[in-house]
Amino acid sequence: MILTLRLAWRNLWRHARRTWLTIGAMVFSNVLLVFMISFQFSVYDLMINNSLRAFSGHMQVQAPGYIDDGSMRQTVAEIVPLASRLRQDFPDADIAARASGFVLASSEQRSYGIAVYGVEPAFEPSASSIPGLVTDGRFVESGDEVIIGTVLARNLRVSVGDELTMLGSGRDGSFAAAVMTIVGIFDSGIPDLDRSIAEIPLATFQEVFYMRGSGHQIVINAPTIDSASDYRQRIRALLPDDLELHDWTALQPGLKQAITADLSSSFFVYGVLVILVAFSVLNTGLMSVLERTREFGILMALGIAPGRLGRLVLLETALMGAIGILLGALLGGILTAYFGVTGFVVPGMEEMAVRFNLPARLYPGISVVTLFAGPFVVFLVSILATLYPAFRLNRLQPVEAMRAA
Amino acid sequence: MSAVRCVDVCKTYRQGDEDIHALDHVSIEIANGGFVCLSAPSGGGKTTLLNAIGGLDVPDSGEIYIDEQRIDNLNKGELAALRLQKIGFVFQAFNLIPVLSARENVEFVMQVQGVAADKRRSLAMSILDEVGLGGLEERRPAEMSGGQQQRVAVARAIVSRPALVLADEPTANLDSKTSDELMELFTELNTHHRTTFIIATHDRRVMSYAKRLIKMLDGRIVDDIAQA
Ligand SMILES: Nc1ncnc2c1ncn2[C@@H]1O[C@H](COP(=O)(O)OP(=O)(O)OP(=O)(O)O)[C@@H](O)[C@H]1O
Ligand SMILES: [Mg+2]
């Protein structure tokens with residue numbers, strides 16, 4: 001085996017320049033793949049984290065059907081005690097109860113239909129980024145206090161200290177109305193939130209809308225997005241059967257769709273890149289087999305089976321592929337690490353950035369997966385591309401092969 | 001027992017609308033330990049006959065036996081195994097794997113035969129010494145003369161003690177002194193190991209070493225002479 005390996009290795013350097021060109025194609029695509037995939041997955045993590053952290057959370061406890069209908073009557077009973085029990089069981093997670101409804105919000109001059117959320121003033125700041133994004137005034141504490149987004153404030157022509165009248169219907173369908181005082185205005189940067197929601201203390205909400213201790217959602221954030229599914233399983237086990245626990249893909253289907261769409265378009269690009277490498281490897285393989293026709297003919301005359309010669313050719317590609325993986329992962333890792341420190345502004349990503357609450361400058365991170373997934377695929381495809389020249393050796397007739405120049 | 005037996009072997013090539021009878025009803029029997037020269041003018045059918053005996057090429061008709069085992073109806077894989085185990089080949093030139101040293105060239109075939117690594121190495125060293133290449137074991141083919149390369153090819157052909165060595169114009173690229181040395185090596189192997197040799201050549205010096213001289217013309221055997 002060592003001798004075969006040595007033979008394969010030396011065969012590579014019979015045409016050092018061609019071998020380096022082939023390895024170069026592998027390394028080039030590997031570096032690109034490592035950088036692009038690392039970058040892409042960092043963006044997805046940010047997208048998920050930022051847009052989930054903003055408001056919807058990693059997962060939510062809801063009554064059955066609420067996710068589709070959003071009806072006021074689909075409630076979680078005794079929501080505050082339930083949330084505090086979960087908080088005790090999962091001290092590392094950020095947990096806050098909410099209730100929500102639709103109201104007509106009116107200032108002295110204008111009216112808009114908005115969603116109003118009752119939130120726990122003590123816990124909402126850790127579960128959502130909105131309380132921290134109050135740029136004018138402060139977050140709600142108790143009583144008839146409300147915060148609204150900048151766009152809504154502009155539309156209603158109100159500012160901190162003004163009054164806001166809300167008209168809607170309560171849980172039992174009866175008329176609900178309240179006059180609230182604006183104590184803060186937030187700027188989340190997410191247009192939907194800034195335009196159409198208001199937050200008031202949960203206790204006030206329950207009173208105004210006749211909730212009798214119930215609410216609509218318990219927002220839960222696991223310590224990291226990666227641990228979310230683990231938390232989800234453990235929390236699910238503790239919840240009563242008549243409640244549902246939705247993860248972020250259900251809460252924000254648009255986010256998942258955006259990621260899936262972006263993934264499939266970039267995989268197309270990666271596919272093209274990998275196919276180009278495959279053709280370069282195929283070309284090298286065919287040439288290296290062709291120019292050794294005579295040599296292979298003699299080896300076959302000595303009784304060496306074509307399959308063994310085919311394996312030799314495959315081994316030669318595997319060696320080039322291994323160098324390609326090593327250099328590709330190394331250079332790609334260095335490049336990614338460099339941009340991980342200095343940051344990287346992506347041209348043409350502004351729209352996604354606004355929609356999913358991303359910073360303008362991104363800092364890609366590296367993981368084992370993003371470092372080796374691309375190069376590994378390039379390796380496999382290179383081997384596949386060599387199967388053809390390797391199998392062609394089966395058709396070689398020793399007599400004709402030895403006659404070849 | 002005969003090492004090689006051919007019965008009524010025919011091989012015809014078509015060239016344009018002309019049939020070329022490369023082998024025309026050839027029947028020969030070569031005993032174990034034979035030392036045979038096959039001589040013919042160019043195009044006489046020497047290579048075709050050697051290839052048929054070595055299972056590199058399948059005749060159109062007739063039967064071929066190696067060690068009384070019929071081989072003309074074996075498949076490709078069986079023929080490869082037969083060559084690997086029983087037959088050593090030496091060709092005119094450029095026989096060796098250029099990127100492997102003399103020793104590695106000899107070892108490579110043994111590795112395919114499944115010989116253990118340490119045994120392989122010592123066998124290769126001793127056979128190279130035997131063919132007079134002691135000290136040149138680590139040279140690559142490009143660093144050796146034609147005669148030295150041909151000896152490596154011979155070493156590779158005989159290292160696993162095949163019963164039969166087929167050599168197709170092994171001296172065509174060698175000067176007369178080197179040719180003599182190679183033929184003396186063949187003679188010695190023939191006497192000491194009873195290896196059967198069939199050597200195709202049109203070199204008179206080579207023929208003088210043979211115990212038996214078979215002359216061919218246009219695919220037919222025209223003469224079969226025992227020599228002293
Ligand atoms: N593949 C082939 N296609 C067509 N004709 C062939 C082929 N191989 C051999 N021949 C013909 O068969 C005849 C015998 O050829 P062969 O190679 O056996 O001769 P040879 O005695 O070895 O000649 P040389 O001394 O030149 O090597 C020649 O006429 C040759 O042209
Ligand atoms: Mg010939």
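This is a predicted model, so every value here is computed, not measured.

Visitor: Explain the overall build of chain A to me, please; I cannot follow it from the model alone.
Guide: Per the secondary structure count, chain A includes 16 helices and twelve strands. Relative to the 2.2 N^0.38 estimate, which gives 22 Å for 405 residues, the radius of gyration of chain A is 31 Å and therefore markedly larger than a compact globule would have. On the principal axes, the C-alpha backbone points of chain A span a range of 100 × 45 × 30 Å. Per-residue burial for chain A yields a buried fraction of 52% across its 405 residues. For chain A, the accessible area works out to roughly 18,400 Å², and carbon and sulfur atoms hold 61% of it. Measuring between centres, the 30 positive side-chain charges of chain A sit 20 Å from its 35 negative side-chain charges.

Visitor: Just checking my understanding: could you explain the interface of chain B and chain A for this structure?
Guide: Put simply, an interface is often sized by how much accessible area is lost when its parts join up. Across the contact, 27 residues belong to chain B and 25 residues belong to chain A. Summed over both sides, the interface of chain B with chain A buries roughly 2,300 Å², with 62% coming from carbon and sulfur. Considering only the surface of chain B that becomes buried against chain A, Lys76, Val99 and Phe108 of chain B emerge as the three largest contributors, covering 23% of it. Remark: the boundary between chain B and chain A carries two salt bridges.

Visitor: I would appreciate a short explanation of a nonpolar patch on the surface in the present structure.
Guide: Residues and elements named next belong to chain A. On the surface, a nonpolar cluster with roughly 480 Å² of combined accessible area is contributed by Trp20, Leu327, Leu330, Leu331 and Ile334. Per-element tally for the nonpolar patch: the top contributor is helix 13 (residues 306–342), with four residues. Checked against the element boundaries, Ile334 lands in helix 13. On the basis of relative accessible area, Ile334 is assigned to the exposed category, the value being 52%.

Visitor: Sorry, what's going on with the side chain of Arg156 of chain B here?
Guide: With respect to the secondary-structure elements, Arg156 of chain B resides in helix 5 (residues 146–158). Among buried Asp, Glu, Lys and Arg side chains, Arg156 of chain B stands out as unpaired, with Glu295 of chain A the closest opposite charge at 8.6 Å. Contacts of Arg156 of chain B, omitting those with residues within four sequence positions, involve Ile298 and Leu302 of chain A together with Asn95, Leu96, Asn105, Val106 and Val109 of chain B.

Visitor: Would you take a moment to explain the nonpolar core for this structure?
Guide: Nonpolar side chains in soluble globular proteins tend to end up buried together. Judged by nonpolar contacts, the single largest core of 76 residues is most densely connected at Phe296 of chain A together with Val4, Leu49, Ile53, Phe108 and Ile198 of chain B. Among all residues touching Val4 of chain B, those that are not within four sequence positions of it are Ile28, Glu29, Ile30, Ile53, Tyr65, Ile66, Leu164 and Ile198 of chain B. Grouped together as the second largest cluster of nonpolar side chains are 46 residues, Phe90, Leu164, Ala178 and Phe205 of chain A included.

Visitor: Before we go on, may I ask you to explain the site of ligand 1 in this structure?
Guide: Residues in contact with ligand 1 amount to 15 residues; listed here are only the nearest, Ser42, Gly43, Lys46, Thr47 and Thr48 of chain B. Residues near ligand 1 are shared among chains A and B, making this a multi-chain site. Take Thr47 of chain B: an N or O atom from its side chain is 2.7 Å from an oxygen atom of ligand 1. In this structure, Thr48 of chain B approaches ligand 1 through a side-chain N or O atom, which is 2.5 Å from an oxygen atom. Breaking the shell around ligand 1 down by element, the ones donating at least two residues are strand 1 (2–15), strand 2 (18–31) and helix 1 (46–53) of chain B. For the shell around ligand 1, the element with the most residues is helix 1 of chain B, which contributes three residues. In the shell around ligand 1, the residues fall into four nonpolar, eight polar and three charged.

Visitor: What's the story with the packing of aromatic side chains in this structure? I'm lost.
Guide: Residues and elements named next belong to chain A. All told, the structure shown has 16 aromatic pairs over all chains when counted by the stated rule. Seen in terms of ring centroids, Phe35 and Phe339 are 5.4 Å apart; in terms of plane orientation they differ by 55°. Their pairing is tilted. Linking Phe35 in helix 2 (residues 16–56) with Phe339 in helix 13, this pair joins segments that are 304 residues apart in sequence. Relative accessible area serves as the criterion here: at 11%, Phe35 is assigned to the buried category.

Visitor: So what exactly am I meant to see when it comes to the sheet that holds strand 2 of chain B here?
Guide: Picture the strands of a sheet paired through backbone hydrogen bonds; they go either parallel or antiparallel. Residues and elements named next belong to chain B. Taken in spatial order, the four strands of this open sheet run 2-1-4-5, and their pairing is antiparallel. Of all the strands in the sheet, the pair left with one neighbour each is strand 2 and strand 5 (69–70). Bridging between strand 4 (residues 61–66) and strand 5 involves two bridges; their strand directions are antiparallel. Note that in strand 5 the partner of Ile66 across the bridge is Gln69.

Visitor: Explain the pattern of salt bridges to me, please; I cannot follow it from the model alone.
Guide: Close approach of charged atoms allows side chains of opposite charge to pair. All names here are of chain B. By the definition in use, this model includes 26 salt bridges over all chains. Among the ionic pairs, Lys11 bridges to Asp57, the shortest N-O distance being 3.6 Å. Note that Lys11 is positioned in strand 1 and Asp57 in the loop between helix 1 and strand 4, a separation of 46 residues in sequence. Here Asp19 and Arg14 are joined by a salt bridge, their closest N and O atoms 2.6 Å apart. The network of salt bridges with shared partners includes Arg103, Glu107, Arg120 and Glu138.

Calculation criteria
- Residues numbered from 1 in each chain as written.
- Chains lettered and ligands numbered in written order.
- Predicted model: local features only at pLDDT ≥ 70, side-chain atom pairs only at ≥ 80, totals over all residues.
- Heavy atoms only, no water.
- Helix = DSSP H or I, 4+ residues; strand = E, 2+ residues; numbered from the N terminus.
- Rg over C-alpha atoms; globule rule 2.2 N^0.38 Å.
- Buried < 20%, exposed > 50% of the residue type's maximum accessible area, 1.4 Å probe, protein only.
- Areas by Shrake-Rupley, 256 points an atom, 1.4 Å probe, with all protein chains shown as cover.
- Lys, Arg positive; Asp, Glu negative; His and termini not counted.
- Charge placed at Lys NZ, Arg CZ, Asp CG, Glu CD.
- Contact = heavy atoms within 4.5 Å.
- Buried area = accessible area lost by both parts, 1.4 Å probe.
- Salt bridge = Lys/Arg side-chain N within 4 Å of Asp/Glu carboxyl O.
- Patch = residues over 30% accessible without salt bridge, like charges linked within 9 Å, V, L, I, M, F, W, Y side chains within 5 Å.
- Core = buried A, V, L, I, M, F, W, Y, C linked by side-chain atoms within 4.5 Å.
- Near = heavy atom within 4 Å.
- Polar contact = N/O pair within 3.5 Å; in protein donor to acceptor, adjacent residues only side chain to side chain.
- Nonpolar A, V, L, I, M, F, W, Y, C, P; charged D, E, K, R; others polar.
- Phe/Tyr/Trp six-rings, centres within 6.5 Å; stacked < 30°, edge-to-face > 60°.
- Pairing = 2+ DSSP bridges.

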